[in-house]
Amino acid sequence: MGKVKWRKGARGGPEHSCFEDAVTGATVHQLTTHPSISHPTYFLQCSFTEDQRHLLFTGYRGGNAQLFEAEFPEGRIRQLTGGEPVHPFSAVIAPGGAVLFVRGGAIWRIDRETLEEHPVAESGGQLGECSLSPSGDWFVSACKREGGWGLLVGTIDGHGSHFIEFPRTIIHPQFNPVHPEWIEFAADPAPRMHRVRRDGSGLECLHEHSNDEFIVHETFLGASEDLVFCVWPTHLKRLDWRTGKISTISEFNAWHIAPSRDGKRILCDTVHPDRGLQLVDVESGKRSTVCASRASSGGSQWRRSRYAVAEDWKRARRAAERDRSLSWMEMAADTVYGPQWTHPHPSFSRDETMAVFASDMTGCTQVYVAEIPASPAVG
């Protein structure tokens, strides 16, 4: 087979290989080898399709960010989108298999079978990553418009959307899995955790704290209402949605976190020091190692125990101004908190027997899937 000319609909041969992790002996699948960045969808979303036969990833094979899928474990690779670049961490697989993603200031929906694309909502600004309600009927995305920030909320059938204003940067909005009329989102900088009803009412800060309490990567604990979050770099904690009570699950440098559906386990990565991908038992706080990530995990702020302050951002923005190809979500964050594609961002497979992650262990970020050992090594 000749060299593939990568474009929408193009197919390439398998790039799959396996190796045994040197730390735990776990089987690790490498799914991509192209000499350009490839990384799974964001850690708050599952990269596997519902039947677990394909894995969705973002690749730069044609020079900008596009969506691809790889048959799992040993199958061909197909490019799903083309043309203008997509937001590299925006894709989410909806119930039934369609994929929602951000391109420019709009949310799009693509049919994976026909590759037909349809606009879902226009923001009038710039958008971050998407999240869906448990039913898959509603979407939410962080949005920046001229003069302010907020949330774009609407139905994935394209029949309507509305904007909820907020005075500061917003990232990582997510629907409450029990009561999806509520949305939790992160503000930057502190205080971080907030909630608001889908209609824009009931805005509330869930925990008042200063920039010296470096809270990151909150998400819902499986199908429960409670939130789990990291106080970088020392604690993995839990917040009761109803009472606001905060408790400690475990004390270590948990970073990006992905709970299991039943809320009994949390998969996470680590850095400074890198202890590899960890699996945490929520009840006991005990943890075990899935495998090493060997990712470079860039970003100056992860060597500190506080949020970036104004001077950090000024320095980073000056550097980012030189590269206009970056979105608003990526601009200065590539120096302060990134580059994001150098972070493992682990997530569970659909059946939760495997961990999907990114690593630049070969010098260029690729997509990996680790089989979780039945008896993982002690972390």
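Residues numbered from 1 in each chain as written. Predicted model: local features only at pLDDT ≥ 70, side-chain atom pairs only at ≥ 80, totals over all residues. Heavy atoms only, no water.

1. With respect to the packing of aromatic side chains
Counted only if it meets this: Classification of ring pairs uses Phe, Tyr and Trp, with its six-membered ring standing for Trp, and accepts pairs whose centres are within 6.5 Å; under 30 degrees between planes counts as stacked, over 60 as edge-to-face, and the remaining range as tilted. Segments assigned H or I by DSSP are reported as helices when at least four residues long, segments assigned E as strands when at least two residues long, and all are numbered from the N terminus. Any residue under 20% of the maximum accessible area for its type is buried, any over 50% is exposed, and the rest in between are partly exposed; the area is computed with a 1.4 Å probe on protein chains only. Counted as over-ring charges are cases with an Arg CZ or a Lys NZ within 6 Å of the ring centre that also lie within 35 degrees of the ring normal.
The full count for this structure, using the stated rule, is 17 aromatic pairs. Relative to Tyr-368, the ring of Phe-357 has its centre 5.5 Å away and its plane inclined at 20 degrees; by these criteria the two rings are stacked. Here Phe-357 is found in strand β29 (residues 354–359), whereas its partner Tyr-368 is found in strand β30 (residues 366–371), with 11 residues between them in sequence. A single burial state applies to Phe-357 and to Tyr-368, both of which are buried. Feature note: the residues Phe-214, Trp-232, Trp-255, Trp-302, Tyr-307 and Tyr-337 constitute an aromatic cluster, connected by ring pairs. Over the face of the ring belonging to Phe-68 we find Arg-61, whose NZ or CZ atom lies 5.6 Å from the ring centre.

2. A closer look at the confidence of the model for the protein
Quick note on the threshold: Across the chain, each position has a pLDDT score giving the predictor's confidence in that residue, from 0 to 100. Two residues qualify as a contact provided that any one of their heavy atoms is within 4.5 Å of a heavy atom in the partner residue.
On average, residues of the protein carry a pLDDT of 93, and 93% of them reach 70 or more. Counting contacts from residues 324–331, a segment whose pLDDT is below 50, to residues more than four positions away or on other chains yields 19 contacts.

3. Let's talk about the environment of Pro-88
Along the chain, Pro-88 falls in the loop between β7 (77–79) and β8 (92–93). Judged by relative accessible area, Pro-88 falls into the buried class, the value being 6%.

4. Concerning the sheet that holds β8
Put simply, the rule is: For two strands to count as paired, DSSP must find a minimum of two bridges between them.
Here four strands make up an open sheet; going across it, the order is β8-β9-β10-β11 and the pairing antiparallel. The sheet is open, and its two borders are formed by β8 and β11 (117–122), each paired with just one other strand. Across five bridges, strand β10 (residues 106–110) lies against β11 in antiparallel orientation. Its bridge partner being in β11, Ile-110 is matched across the sheet by Glu-117.

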